[in-house]
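# Notes for the structure review
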Amino acid sequence: MDALSASPHRPRNLGDRLWGAGLVALGGAVAVVAGVIVLALGRLTTPLVGRVHLLEFIKGQDWDPVASSFGALPFIYGTLVTSLLAIAVALPISVGLAIFMVEIAPGRLRPVVSFLIETLAAIPSVVYGLWGLFVLVPWLRESVEPALAGAFGFLPLFQGPQIGLGFLAAGLILAVMILPTIASVTIEVLKTVPVTLREAALVLGATRWEAIRLAVLPHARAGMLGATLLGLGRALGETMAVTMVIGNTPEIRTSLFATGYTLPAVIANEFAEATSGEHVAALAGLALVLFGLSILLNAVARLLVQAVKAATGSVG
Amino acid sequence: MKRLILAAALALAGTASAADKLLLNGAGATFPFPLYSKWFSEYNKLHPEYQFNYQSIGSGGGIQQVTNRTVDFGASDAPMKDAQLAAAPGTVHIPTVLGAVVVTYHAAIDTLRLSPDALAAIYLGKITKWNDAALAKLNPGVKLPDASINVVHRSDGSGTTNIFTDYLSKVSAEWKTRVGASTSVKWPVGLGGKGNEGVTGLVKQTPGAIGYVELAYAKQNQLPMAELRNKDGLWVKPTMEGTSVAAAGIVMPDDFRVSITDAAGKDAYPMASFTYLLVPQDQQDPVRARALVEFIWWAVHDGQKYAAPLDYAPLPKAVVRQVEAKLKTLTAKGQHILVGSANRK
C-alpha cells in the first residue's frame with residue numbers, strides 16, 4: 001500500500017482501494033476479537049463491580065465461593081511461580097539443545113532430534129498431566145524432593161512436607177511442555193547467524209566454544225528472548241496439565257514443595273458449576289487478570305528485546 | 001462423477017427428512033449424562049420422530065440456559081436456589097434419578113467406619129492421623145496405621161462436592177459456619193483433584209489419602225468405600241438401594257427442591273441426592289412441549305429400568321407419583337399438555 005501510494009505516476013484505482021480496505025479490515029480483526037473478549041468478560045464481572053474494588057480483588061488472598069469473598073493473589077502467585085520456574089528450567093536446556101543442533105550435531109542426527117522435538121510439541125496437555133500425576137509426582141515425592149531437602153533444606157524454597165504435587169511438579173511439567181517451543185525457535189534464530197561471523201571468530205584464533213559464546217550467541221540474543229516469550233505465553237495459559245499436578249489449593253507458600261493454584265486452572269475448574277452470579281463474576285475477573293498479566297509480561301519482554309537489540313547493535 | 005451426484009442427492013434427501021424430525025435441546029449436569037444419553041437413544045428407537053441434543057456443560061450452565069430459555073430443558077444436580085428461581089420464574093424441577101457420594105481411602109484397612117463427627121473432623125483438619133483415638137473407637141479390632149491422613153477433595157465445582165458439603169453442614173455445626181455447602185467451597189485442608197478421576201488418581205497415588213467420589217464411579221473402579229453411620233445410628237455401606245431408601249424417607253415438598261443428605265431410615269445411606277431436569281411451567285410451543293413432557297413421563301417410568309445397570313439409583317414409587325402429578329400441571333400457552341388419563345402414548 002505504502003509503496004503504491006508513494007508512487008506519483010499511478011493514481012489509486014478502485015481495486016487498489018478495495019484491496020487496501022480489505023487488508024485493513026483483516027488486520028483490524030485482531031483488535032476487534034481482543035476487544036470483544038475484554039468487553040464480554042467485563043460484562044460478566046458486573047455483579048462484583050462496585051461491591052469489590054479492583055485493587056482489593058487483586059490483593060485479596062481469600063477465595064471462598066460460599067461466602068462470596070474473592071481474591072486473586074494466590075492464583076496470580078501460582079501462575080507466576082510455575083511459569084518462571086518453567087522458564088528457568090527450560091531455557092538453559094533449550095539453548096543448549098539449539099546450540100548442539102546448529103553447531104555440533106552431525107548432519108544425520110539433526111532430523112532425528114528435530115523430529116523428537118516436534119513430537120514433544122504435539123503431545124496433548126492432558127497426556128502431560130497424566131504422565132505428571134502417575135510418573136513425575138511419585139518420582140518427585142520419593143526421590144527428588146527428599147534429595148533437594150537434604151541438600152538445600154536450609155532454603156525456604158525446599159522446606160515442608162514432600163507430597164510430590166505442587167509448584168515444583170507444575171513447573172517441571174510446564175518446562176517440558178514449553179521446551180519444544182523455545183528450542184525450535186532458538187534453532188531457527190541460530191541458523192540465521194551469518195556463517196561469516198563464526199568464521200571470523202575462528203580465524204582470529206577463537207576456540208569453537210569461544211566462537212559460539214562471543215560471535216553466535218550475542219547475535220541471536222534478541223531472537224532467543226522472543227523464543228522465551230513464546231514459551232512464557234504457553235506456560236501462563238496452560239490449564240489441564242497444571243491443574244492435574246499442582247494440588248489446587250489457593251494458598252501462597254514460599255516452598256516449591258507446597259501446593260498452589262493458577263489462574264487458568266481455577267477458571268477451568270470452577271466455571272462450569274459456578275451457580276452464583278458473583279462467583280461467575282469473580283472467575284471472569286480472574287480471566288481479565290490473566291489477560292492483563294499476559295499483556296504486561298509481553299510488553300516488558302518487548303522492551304527487553306528492544307533494549308538487547310540496541311545494545312548488541314551498538315556493540316556490533 | 002455420477003456416483004458423486006447421487007451421493008450428494010442422497011445426503012440432501014437425508015437432511016430433508018431430518019428436518020421433519022423434532023429436535024429437543026437440553027443442557028446441564030454432567031453427572032447424569034451417561035444415563036440421559038441412554039434414555040435419548042432408547043426413546044429415539046421408540047419414537048424416531050424425536051431427537052435430543054444434550055450438552056453436558058455442568059449444572060451452572062444448565063440453570064443459566066434454562067433461565068435464558070435458550071434450551072427446551074436444563075439439568076442440574078442441585079436444586080436451584082431461591083435467588084436463581086426468582087431470576088427464572090416458573091421453572092419446574094423434575095427429579096429423574098438419584099446419585100450418592102462415597103468416601104474412599106488409601107490405607108491398609110478392610111472396612112473403614114466413619115461417624116459423621118469423625119468425617120467432619122478429618123475434613124476440618126482436626127483428625128490428622130489414621131490411628132487417632134476417635135477413629136480407633138469407631139473401628140474396634142481394626143489395626144489403624146500410624147500415618148497422617150492426606151485429605152483430597154474435588155478442585156472443580158461439582159454436584160458431588162455439593163452433596164458432600166451439604167451432608168457435612170448438616171452433621172457438623174462447625175462445618176456449617178466455617179465452610180458451608182456449595183459446588184465449590186473454601187476447603188480448610190487438603191489437595192484438590194479434577195473430577196472423580198482426578199480425586200481417585202490422587203487417592204491412589206498418595207499413601208494415607210482419603211477422598212470422596214460418586215458411588216457409580218467408585219463401583220465401576222472397585223474403590224474401597226467407607227461405611228457411614230446414618231441418622232438412625234446404624235452403619236451402612238454405600239449402595240444404590242440405600243440411596244433410594246434415603247429418598248423414600250423424606251417429606252417431599254411440592255417443588256421437589258429438597259436435600260436428602262442425612263436422611264432418616266434404618267437402611268438410608270446419608271450422602272445422596274436427586275438430580276433434576278429443569279423445565280418451564282408454561283412453554284411457548286405446544287408441539288415441542290408435548291414431546292418433552294411425554295419423554296419425561298417415559299423417563300420416570302419405563303426409563304427407570306436403565307438406571308441401575310448404569311449405577312444410578314431409581315426413583316422411589318412415591319416420588320414417581322408426585323412427578324406424575326407435577327407433569328400434569330405443565331402447560332403450553334396456558335393449555336394443559338397432558339390431558340385426561342395418565343399414560344396416553
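Residues numbered from 1 in each chain as written. Chains lettered and ligands numbered in written order. Predicted model: local features only at pLDDT ≥ 70, side-chain atom pairs only at ≥ 80, totals over all residues.

### Description of the overall build of chain A
Per the secondary structure count, chain A includes twelve helices and two strands. Shown N-terminal to C-terminal, the secondary structure of chain A runs as helices and strands in the order α-α-α-β-β-α-α-α-α-α-α-α-α-α. Dimensions of chain A, computed from C-alpha atoms along their principal axes, come out at roughly 65 × 65 × 35 Å. Taking the intrachain contacts of chain A between residues at least 6 apart in sequence as the baseline, contacts between residues at least 24 apart amount to 75%. (Helix = DSSP H or I, 4+ residues; strand = E, 2+ residues; numbered from the N terminus. Contact = placed C-beta atoms within 7 Å.)

### Digging into the overall build of chain B
Tallying secondary structure elements over chain B gives 13 helices and 14 strands in all. For chain B, the residues scored as buried account for 48% of the 345 residues in total. Long-range contacts, defined as pairs at least 24 residues apart, comprise 70% of the intrachain contacts of chain B with a sequence gap of at least 6. (Buried ≥ 20, exposed ≤ 12 C-beta atoms within 10 Å, placed from the backbone.)

### Digging into the packing of helix H5 (residues 109–122) of chain A against helix H7 (residues 167–191) of chain A
All names here are of chain A. Running from N to C, H5 and H7 point in directions that differ by 140°, and their axes come no closer than 8 Å. Overall, the two elements H5 and H7 adopt an arrangement that is oblique. Here H5 and H7 pass one another in a crossing that is left-handed. Along the contact surface, H5 presents Ile117, Glu118, Leu120 and Ala121, while H7 presents Leu179, Pro180, Thr181, Ala183 and Ser184. In terms of residue class, the contact of H5 with H7 is built from six nonpolar, two polar and one charged. (Axes fitted to C-alpha atoms, helices over the stretch in contact; angles between N-to-C directions. Parallel < 35°, antiparallel > 145°, perpendicular 65-115°, else oblique. Left-handed = near helix turned anticlockwise from the far one by under 90°. Nonpolar A, V, L, I, M, F, W, Y, C, P; charged D, E, K, R; others polar.)

### Re the sheet that holds strand S1 (residues 22–28) of chain B
Residues and elements named next belong to chain B. The eight strands are arranged S2-S1-S3-S11-S4-S8-S6-S7 in an open sheet whose pairing can be described as mixed. The sheet terminates laterally at strand S2 (50–55) and strand S7 (191–193), the two strands that pair on one side only. Averaged over all pairs of adjacent strands, the angle between their axes in this sheet comes to 25°, without regard to strand direction. In this structure, strand S3 (residues 73–76) lies alongside strand S11 (residues 272–280), joined through three bridges in antiparallel fashion. Across the sheet, serine 76 pairs through a bridge with tyrosine 276, a residue of S11. (Pairing = 2+ DSSP bridges.)

### Some thoughts on the pairing of S11 of chain B
Residues and elements named next belong to chain B. Burial runs high along S11: nine of the nine residues are buried. Examined bridge by bridge, strand S4 (residues 91–105) and S11 share nine bridges and lie antiparallel to one another. The residue bridging alanine 100 from the neighbouring strand is alanine 272, located in S11.

### Comments concerning the pairing of S2 of chain B
It is a general feature of regular strands that their side chains alternate between the two faces of the sheet. All names here are of chain B. Examined bridge by bridge, S1 and S2 share six bridges and lie parallel to one another. Paired with leucine 22 across the two strands is tyrosine 50, which belongs to S2. The parallel pair S1 and S2, bridged by helix H2 (residues 33–46), forms a crossover whose chirality is right-handed. (Right-handed = clockwise from strand over helix to strand, strands pointing away.)

### Overview of the domain arrangement of chain B
Residue and element names in this part refer to chain B. We note that the domain assignment places domain 1 (4–98 + 273–343) and domain 2 (101–248 + 258–271) within chain B. Taking the mean C-alpha position of each, domain 1 and domain 2 sit 32 Å from one another. Listed per partner, the contact involves 18 residues of domain 1 and 17 residues of domain 2. Here the residues of the side of domain 1 that touches domain 2 are counted per class, giving 13 nonpolar, three polar and two charged. (Domains from an automatic or database assignment.)

### Quick word on the environment of alanine 86 of chain A
Residue and element names in this part refer to chain A. The topology assignment puts alanine 86 in helix H4 (residues 73–104). With 36 residues separating them along the chain, alanine 86 and alanine 122 place their C-alpha atoms 18 Å apart. Other than its neighbours up to four places away in sequence, alanine 86 contacts Gly171, Leu174, Ala175, Ile178 and Ala235.

### Examining the interface of chain A and chain B
Accessible area lost on assembly of the parts is the figure often given for the size of an interface. In this assembly, 21 residues from chain A lie in contact with 25 residues from chain B. Contributing elements (two or more residues each) for the side of chain A that touches chain B: strand S1 (63–64), helix H6 (125–152), helix H10 (240–245) and helix H11 (263–271) of chain A. Top element by residues in the side of chain A that touches chain B is H6 of chain A. It accounts for three residues.

### Considerations on the environment of glycine 60 of chain A
All names here are of chain A. Checked against the element boundaries, glycine 60 lands in the loop between helix H3 (54–59) and S1. On the neighbour-count criterion, glycine 60 (17 C-beta atoms within 10 Å) is partly exposed. Through-space distance from the C-alpha of glycine 60 to that of alanine 170 is 23 Å; in sequence the pair is 110 residues apart. The residues touching glycine 60, leaving out its near neighbours within four places in the chain, are Phe70, Gly71, Ala72 and Leu73.

### Some thoughts on helix H12 (residues 286–300) of chain B
Between its terminal C-alpha atoms H12 of chain B stretches 21 Å, which fits the 21 Å expected from 15 residues at 1.5 Å a residue. Within the sequence span of H12 of chain B, burial applies to Ala289, Ala291, Leu292, Val293, Phe295, Ile296, Trp297, Ala299 and Val300 of chain B. (Expected span 1.5 Å × (residues − 1).)

### A look at the sheet that holds strand S12 (residues 282–283) of chain B
Residues and elements named next belong to chain B. Pairing is mixed across the open sheet formed by three strands, whose spatial order is S12-S13-S14. The open sheet has two free edges, formed respectively by S12 and strand S14 (335–336), since each of these has just one partner strand. For S12 and strand S13 (residues 331–332), the ladder comprises two bridges, and the chain directions are parallel. Bridge assignment links glutamine 283 to a residue of S13, and that residue is alanine 332.

### Some words on unusual backbone geometry
Residue and element names in this part refer to chain B. Unusually for a residue other than glycine, phenylalanine 256 sits at a positive phi of about 65°. Assignment of secondary structure puts phenylalanine 256 in the loop between helix H11 (240–248) and S11. At aspartate 311, a residue that is not glycine, the phi angle is positive and equals roughly 70°. With 18 C-beta atoms counted inside 10 Å, the residue aspartate 311 sits in the partly exposed group.

### Topic: the confidence of the model for chain B
Residues and elements named next belong to chain B. Averaged over every residue, the pLDDT of chain B is 89; the share at 70 or more is 92%. For chain B, per-element mean pLDDT is lowest for helix H1 (residues 2–20), which scores 51, and highest for helix H5 (residues 116–123), which scores 96. Here residues 10–18 is modelled with pLDDT under 50, and outside its nearest four sequence neighbours on either side it reaches zero contacts, counting other chains as well. Confidence over residues 341–345 falls short of pLDDT 50; this stretch has one contact with residues more than four positions distant or in other chains. The ipTM assigned to the predicted complex is 0.75, against a pTM of 0.81. (pLDDT = per-residue confidence, 0-100.)

### Points about the nonpolar core
Core analysis: the largest hydrophobic core is formed by 171 residues, its most contacted members being Ala169, Ile173, Val245 and Leu286 of chain A. The greatest single-element share of this core, amounting to 17 residues, is contributed by H7 of chain A. Mapping this core onto the domain boundaries places at least three of its residues in each of domain 1 (4–98 + 273–343) and domain 2 (101–248 + 258–271) of chain B. (Core = buried A, V, L, I, M, F, W, Y, C linked by C-beta atoms within 7 Å.)

### A closer look at the packing of H6 of chain A against H7 of chain A
Residue and element names in this part refer to chain A. Running from N to C, H6 and H7 point in directions that differ by 130°, and their axes come no closer than 10 Å. In terms of their interaxial angle, H6 and H7 are classed as oblique. As for the relative orientation of H6 and H7, their crossing is right-handed in sense. Between H6 and H7, the contacting residues are Ser125, Tyr128, Gly132, Leu136, Val137 and Leu140 on the first element and Leu168, Ala169, Leu172, Ile173, Val176 and Met177 on the second. Partitioned by chemical class, the residues of the contact of H6 with H7 number ten nonpolar, two polar and no charged.

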